[in-house]
Amino acid sequence: MAWTRPSCSGVGPGPRCGHTINVCGGMLWMFAGFNGSQLLNEVTTLRLATMRWDTPEITGNAPVPRSGHTTTTVGQILYVFGGGAGSSFLNDVHLLDVGSLTWTQAYVAGTSPAARSRHTTVLAGKSLIVFGGGDDSRLYNDTYVLDIDTMAWSRPAVSGSPPTPRWGHTAALVGDKMLIFGGHDGGKMLNDLYELDTVTLSWSQVAKIDGDEPSPRAGHTMSTLDSKLVLFGGSDGGKTLNDVYFLDTSFPTCTWMKSLIVGAAPTGRCTHTATLCENGFLVVFGGGNGTRLFKELYFLDLGRVLRDIEAKQQHQAKKTVIKKPVAPPAVKVRDPTHYTSVGQWLHQLGLDGLTPQFVREEVTLEALPFITEHHLETLGVISLGARLKLLSAISRLQQTTQTPAPANQPATSATLPINTHNQSTQVSTQTDTDQPNPTPALSQQPSSACVPETPPSDAVKSSSIPPQTTEIPHPQEPPCATKEAMPTDPGSNSTFARELIDSFSELKSATSSLDLTMHTLSDQLAAAIQQQQINNDLLPLLQQIQTLTQAQPIQTTLPPVLAVNSNPQIVTPTPAATQHTQVQPQQQQATNQKRKRNRKIKPTPNTNQQPAPNNP
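Residues numbered from 1 in each chain as written. Predicted model: local features only at pLDDT ≥ 70, side-chain atom pairs only at ≥ 80, totals over all residues. Heavy atoms only, no water.

1. So, the nonpolar core
- Of all hydrophobic cores here, the largest spans 20 residues; its most connected members are Trp345, Leu346, Phe358, Leu368 and Leu390.
- Elements that contribute at least two residues to this core include exactly helix 2 (342–348) and helix 5 (384–401).
- The element best represented in this core is helix 5, accounting for six residues.
- Listed in part, the 16 residues of the second largest apolar core include Val230, Ala274, Val284 and Leu302. (Core = buried A, V, L, I, M, F, W, Y, C linked by side-chain atoms within 4.5 Å. Buried < 20%, exposed > 50% of the residue type's maximum accessible area, 1.4 Å probe, protein only. Helix = DSSP H or I, 4+ residues; strand = E, 2+ residues; numbered from the N terminus.)

Here you go:
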């Protein structure tokens, strides 16, 4: 658990508030306070190695009993300043040498601060800086400096906007900045944050603060842990608190973080002490809640708390990336031949950690343009950011190298496009610029990874599949569009129809712009059937052609697109139909031979139909 109550031996101190505890020489040194009935000036120690309480015998002139004072550790000396002594307030300075166990009252030069209690004192270099506090009649926001070498007080001229007068606030030093938080201004509780530059002695309010701010309070504690401040407890005027906040000052703007502490946490309290030990534990003792005072000792493992906070931040960051993917920055990628190894290429992308996987799988520079998402899974690339960065870099490599796709490359939905020869395709590939690639939502894969790109033109030439264009897609050839599927009834007057179908097949296989020609042939075949030049057993063929071409229903007149000569068995297409017709020589020769054979066949009259006219 983060909060623990250690077992201690010896005779421990009784309940109290308004006391101080300092760490020095591996021991906690407790001084003075109020136990509910009287003010104290005793010194009690706790040896951290053995967790044993003790009351050492100290010589010299001890300070008068008090509470609300400050004690600051400087080497082996504890400096006590001010506090309240019942009906009076103090501004004296006493020194406790923990090595010789001797009290000494210091006689200081200069103008001393006014007597006060519930002020703050921090050590900055060789100076003790005192701010704020008050007595029964007034509150202060003045700044005093005690030079510990000369033991002289001074009130330096400060610039900027200092905090308003207050008491019960806290102060901590981070670097060369003294930070002031909260307190009471005589009318209300505060939760503002100010900083004093201890070099330039300039005050300013910290206005830009992120995170969840603590509620206004006084009587709390604030300790320094590296660049973070640890705030605990206090009173908001209505109740006492036991919450824990961290103020991270390492960010561009200060950030508050509230910690959810587990374990046997102390009850709400104020005017307690919270002392940071060298082992990363925060030691909390005493304080009160308005009805009782406490004497229990609590330890808070700040190391564990900070680890939990960092883990929570990383988890929140991952959730943010999943909800709103961030586009990876575009990286200028050179030609693979400019690299000496795959490791150098990965280093340029900032992915050195993936080098062992690429080396283990024997991925070479020449193979980089052919890597797909499936390959990345094989290589064990799990991170979304790394996958997007690699796919973007590989896409630019493909443009740079102009590497043709392998003949046996499978065309799957996860295959990255290999080349960009077809400029009419709507797949866009990131060029080698400094602009980042847009990242789609995770519910959709990038278009370049989903849509296989048109293969290079040289690969098309070696294939039996005709090339496709993005403007006019090629429909699949219907089964009835071949001569083998034509009706072979010798009683049907189908010579004219066969020539039409021959022309249709020739045009179909020879051009990539069949739309106009298919409509034309469909219309002429429809007209021939309606005018009874051929019988109706070719009507299913017409219907299938019209389905492919989305032709209009059978027309009553012959379309004027075709000019037909006097011979009813020979159809001459107009230039509008022939401009797309480019029949291979061998195929044209075979077709002419078939036409000669068909002309020798005499049509057999059909008793069910009227003879077809000579001129359709």
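2. Considerations on the pairing of strand 17 (residues 177–184)
- Most of strand 17 sits out of view: seven of its eight residues are buried.
- Inspection of the sheet shows strand 16 (residues 170–174) paired to strand 17 by five bridges, in the antiparallel sense. Along strand 17, the bridge assignment pairs Ala172 with Leu179.
- Hairpin connection, strand 16 to strand 17: the antiparallel pair is bridged by two residues, and Gly175 has positive phi, about 70°.
- With seven bridges joining them, strand 17 and strand 18 (residues 189–197) adopt antiparallel strand pairing. The residue of strand 18 that forms the bridge with Ile180 is Tyr194.
- Turn length for the strand 17-strand 18 hairpin, with the two strands adjacent in sequence and antiparallel, is four residues, and the turn residue Gly186 shows positive phi of about 95°. (Pairing = 2+ DSSP bridges.)

3. Things to note about the pairing of strand 22 (residues 228–235)
- With eight of eight residues buried, strand 22 is to be regarded as a mostly interior element.
- Two elements, strand 21 (residues 221–225) and strand 22, share five bridges in a ladder whose sense is antiparallel. The residue of strand 22 that forms the bridge with Ser223 is Val230.
- Linking strand 21 back to strand 22 in an antiparallel pair, the connection comprises two residues, with Asp226 at a positive phi of about 55°.

4. Things to note about the side chain of Arg217
- Along the chain, Arg217 turns up in the loop between strand 20 (209–211) and strand 21.
- A relative accessible area of 0% places Arg217 in the buried class.
- At 2.8 Å, the side chain of Arg217 forms a polar contact with the side chain of Asp243. (Polar contact = N/O pair within 3.5 Å; in protein donor to acceptor, adjacent residues only side chain to side chain.)

5. Thoughts on the sheet that holds strand 25 (residues 273–276)
- Strand order in the open sheet formed by four strands is 1-27-26-25, and the pairing between neighbours is antiparallel. Both edges of this open sheet fall to strand 1 (3–4) and strand 25, since each of them pairs with a single strand only.
- Direction of pairing for strand 25 relative to strand 26 (residues 281–285): antiparallel, over a ladder of four bridges. Looking across to strand 26, one finds that Ala274 is bridged to Val284.

6. Things to note about the environment of Glu373
- By the secondary structure assignment, Glu373 is in helix 4 (residues 373–378).
- The spacing of Glu373 and Arg387 is 14 residues in sequence and 7.8 Å in space, taken between C-alpha atoms.

7. Observations concerning the sheet that holds strand 9 (residues 88–97)
- An order of 6-10-9-8-7 is seen for the five strands of this open sheet, with the pairing classed as mixed. On the outer flanks of this sheet lie strand 6 (59–60) and strand 7 (70–74), each paired with one strand and no other.
- Alignment of strand 6 against strand 10 (residues 102–105), held across two bridges, turns out to be parallel. Across the sheet, the residue bridging to Thr59 is Thr102, located in strand 10.

8. Observations regarding the pattern of salt bridges
- Applying the stated criterion to the full structure yields eleven salt bridges.
- Ionic pairing is found between Asp92 and Arg66, a salt bridge with its closest N-O pair at 2.8 Å. Note that Asp92 is positioned in strand 9 and Arg66 in the loop between strand 6 and strand 7, a separation of 26 residues in sequence. The two residues Asp92 and Arg66 agree in class, both being buried.
- Lys188 serves as the salt-bridge partner of Asp185, at 2.9 Å between the closest nitrogen and oxygen.
- Exposure remark for Asp185: the relative accessible area of 26% places this residue in the partly exposed category.
- Residues joined by salt bridges that share partners form a network here, namely Asp176, Lys177 and Asp197. (Salt bridge = Lys/Arg side-chain N within 4 Å of Asp/Glu carboxyl O.)

9. Some remarks on the packing of aromatic side chains
- Counted under the stated rule, the structure contains ten aromatic pairs.
- Seen in terms of ring centroids, Phe31 and Trp103 are 5.2 Å apart; in terms of plane orientation they differ by 55°. Their pairing is tilted. On the criterion of sequence distance, the pair formed by Phe31 in strand 3 (residues 27–34) and Trp103 in strand 10 is long-range, its members being 72 residues apart. Grouping residues by exposure puts Phe31 and Trp103 together as buried.
- Here the aromatic rings of Tyr144 and Trp153 are separated by 6.4 Å at their centres, their planes lie at 85°, and the arrangement is edge-to-face. Summarising the burial analysis for this pair, Tyr144 and Trp153 share the class buried.
- Among the aromatic side chains, those forming a connected cluster through ring pairs are Trp3, Phe232 and Tyr298.
- Across the ring face of Tyr140, the terminal group of Arg116 is positioned such that the distance to the ring centre comes to 4.3 Å. (Phe/Tyr/Trp six-rings, centres within 6.5 Å; stacked < 30°, edge-to-face > 60°. Lys NZ or Arg CZ within 6 Å of the ring centre and 35° of its normal.)

10. Observations concerning unusual backbone geometry
- Of note, the phi angle at Thr271 is positive, near 50°, even though the residue is not glycine.
- Structurally, Thr271 can be placed in the loop between strand 24 (254–259) and strand 25.
- Here Glu362, not a glycine, exhibits a phi torsion of approximately 60°, which is positive.
- Here Glu362 is to be found in the loop between helix 3 (355–360) and helix 4.
- Taking relative accessible area as the criterion, Glu362 reaches 69% and is therefore assigned exposed.

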